[in-house]
Amino acid sequence: VITRPEMEIGRYHWMYRSSRPHRYHHVPALRGNISPLGIQGCFECCIKCLGGVPYASLVATILCFSGVALFCGCGHVALTGTVSILEQHFSTTASDHALLSEVIQLMQYVIYGIASFFFLYGIILLAEGFYTTSAVKELHGEFKTTACGRCISGMFVFLTYVLGVAWLGVFGFSAVPVFMFYNIWSTCEVIKSLQTNVTVPGDQICVDIRQYGIIPWNAVPGKACGPILENICNTNEFYMSYHLFIVACAGAAATVIALIHFLMILSSNWAYLKDASKMQAYQDIKAKEEQELQDIQSRSKEQLNSYT
């Protein structure tokens, strides 16, 4: 026989249990190679990893590496060939082109530094692209952007802008030797075309290197005329240096394009990080309000249960 106190206790437990909301746990549907335990398969992991690759930054990095490699490699060899041409045909005295040789040697050392710096800088920008892509797409669960990350992105925008302006100057400077070699080559072509015309002798057509300011005016011989100039154009040093300077100029142009591409990417990523930070702040406030509402509801239910 159930006594009245036992009935009251049973009624209290029944009401206390019914006051708690029942929680339903959502069970995700099985797709592809996902196991019942929630472990993703190889295909889903590959898709997730490929979704986190910053393809724009990757293309810009490859273009930057290619441009810097062409500029540094071809420019280094072309400068060496230029010194050889000057020593053999335009300045036979070593003291006349001693300053030019020192400047060219210094430029070759600068090329080594440029290659090393941009190799490291390209990797850093690519890593920053991975960081920004992961932060925006939230591929790492609770991973969130920080003020330090946004500050670093802004610093890269400024630094890339400065480097882009500097490389515009490098591109213009690399076009100067192309212009000089083109003038020499076009003069040689004129001499070849005048070989059949006896009224205009080719010996009167000359190229004076001293007018470009790369060697002093007292350099001997300083200029080449007629068949001598034509022979210079037919040498391997002139042919290689001319075409290498063209490739180096094209490499500088490719680097400028890559830096402009990087600048657009970094500006877009910085804007995305700024918007993501605002969204995170909104979500944090919303989650805090929901937690406070749940606490109020739980306290109300406890008070109701205690009163009952």
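An unreviewed UniProt entry annotates the chain as GPM6B protein of Oceanodroma tethys. Quoted verbatim from the Sequence similarities (unreviewed entry) heading of the UniProt record, the comment on the chain is "Belongs to the myelin proteolipid protein family."

Let us now look at the nonpolar core. Ranked by size, the top nonpolar core spans 51 residues in total, and within it V68, F90, F118, W167, I184, I209 and L229 carry the most contacts. Where this core is concerned, the elements lending two or more residues are helix 3 (55-90), helix 4 (98-137), helix 5 (147-193), helix 6 (226-233) and helix 7 (236-307). No other element matches the 13 residues that helix 7 contributes to this core. Here I184 is in contact with V207, I209, L229, C233 and F238, once residues within four sequence places are set aside.

What follows concerns the environment of T187. Here T187 is to be found in helix 5. Residues T187 and C233, spaced 46 residues apart in sequence, show a C-alpha to C-alpha distance of 9.4 Å.

Let us look at the UniProt feature "transmembrane region" (unreviewed entry) in the chain. Using the residue numbers shown here, the UniProt feature "transmembrane region" (unreviewed entry) corresponds to residues 58-86, 106-131, 152-176 and 244-266. Each end of residues 58-86 is marked by a C-alpha atom, and these two atoms are 42 Å apart; helix forms 100% of the span and strand 0%. End C-alpha to end C-alpha, residues 244-266 measures 32 Å, and it is 100% helix and 0% strand.

All right, on to the side chain of Q108 then. Mapped onto the fold, Q108 is located in helix 4. On the basis of relative accessibility, which here comes to 14%, the residue Q108 falls in the buried class. In this view, Q108 contacts H76, L79 and T80; residues no more than four positions away in its chain are not counted.

Attention now moves to the packing of aromatic side chains. Counting across every chain of the model gives 14 aromatic pairs. Note on Y109 and Y112: the rings are 6.0 Å apart at their centroids and 80° apart in plane angle, and the pair reads as edge-to-face. Here Y109 and its partner Y112 are both found in helix 4, three residues apart, which amounts to about one turn of the helix. According to the relative accessible area criterion, Y112 is partly exposed, its value standing at 44%. Ring centres 6.0 Å apart and planes at 35° place the aromatic pair Y182 and W185 in the tilted group. You can see Y182 and its partner W185 sitting in helix 5, three residues apart, about one turn around the helix. The class for W185 is partly exposed, based on a relative accessible area of 35%. Following the ring pairs from residue to residue traces out a cluster consisting of F71, F117, F118, Y121, F156 and W167.

If you trace the backbone, I85 turns up in helix 3. When its relative accessible area of 7% is taken as the criterion, I85 is described as buried. When the C-alpha atoms of I85 and E237 are compared, they prove to be 6.8 Å apart, with 152 residues separating the residues in sequence. In this view, I85 contacts F90, F181, I232, E237, F238 and S241; residues no more than four positions away in its chain are not counted.

A cluster of nonpolar residues, F158, Y161, V162 and V165, forms a patch on the protein surface that exposes about 420 Å² of accessible area. Within the fold, Y161 resides in helix 5.

Let's shift gears to the state of the cysteines. Disulfide: a covalent bond connecting the sulfur atoms of a pair of cysteines. Inspection of the entire model under this criterion finds two disulfides. C188 shares a disulfide with C233; S-S distance 1.8 Å. In this structure the cystine formed by C188 and C233 twists about its S-S bond by roughly 60°; its chirality is therefore right-handed. Of this pair, C188 sits in helix 5 while C233 sits in helix 6; the two residues are 45 residues apart in sequence, bridging distant segments of the chain. Summarising the burial analysis for this pair, C188 and C233 share the class buried. Across the disulfide, C206 is cross-linked to C225 (sulfur-sulfur distance 1.7 Å). Between C206 and C225, the S-S torsion sits near 110°, and that sign places the bridge as right-handed. On the criterion of sequence distance, the pair formed by C206 in strand 1 (residues 206-208) and C225 in strand 2 (residues 223-225) is long-range, its members being 19 residues apart. The exposure class assigned to C206 is partly exposed, which follows from its relative accessible area of 34%.

What counts, and at which threshold
Residues numbered from 1 in each chain as written. Predicted model: local features only at pLDDT ≥ 70, side-chain atom pairs only at ≥ 80, totals over all residues. Heavy atoms only, no water. UniProt positions renumbered as here; feature names shortened; annotations may be inferred. Core = buried A, V, L, I, M, F, W, Y, C linked by side-chain atoms within 4.5 Å. Buried < 20%, exposed > 50% of the residue type's maximum accessible area, 1.4 Å probe, protein only. Helix = DSSP H or I, 4+ residues; strand = E, 2+ residues; numbered from the N terminus. Contact = heavy atoms within 4.5 Å. Phe/Tyr/Trp six-rings, centres within 6.5 Å; stacked < 30°, edge-to-face > 60°. Patch = residues over 30% accessible without salt bridge, like charges linked within 9 Å, V, L, I, M, F, W, Y side chains within 5 Å. Areas by Shrake-Rupley, 256 points an atom, 1.4 Å probe, with all protein chains shown as cover. Salt bridge = Lys/Arg side-chain N within 4 Å of Asp/Glu carboxyl O. Disulfide = S-S within 2.5 Å.

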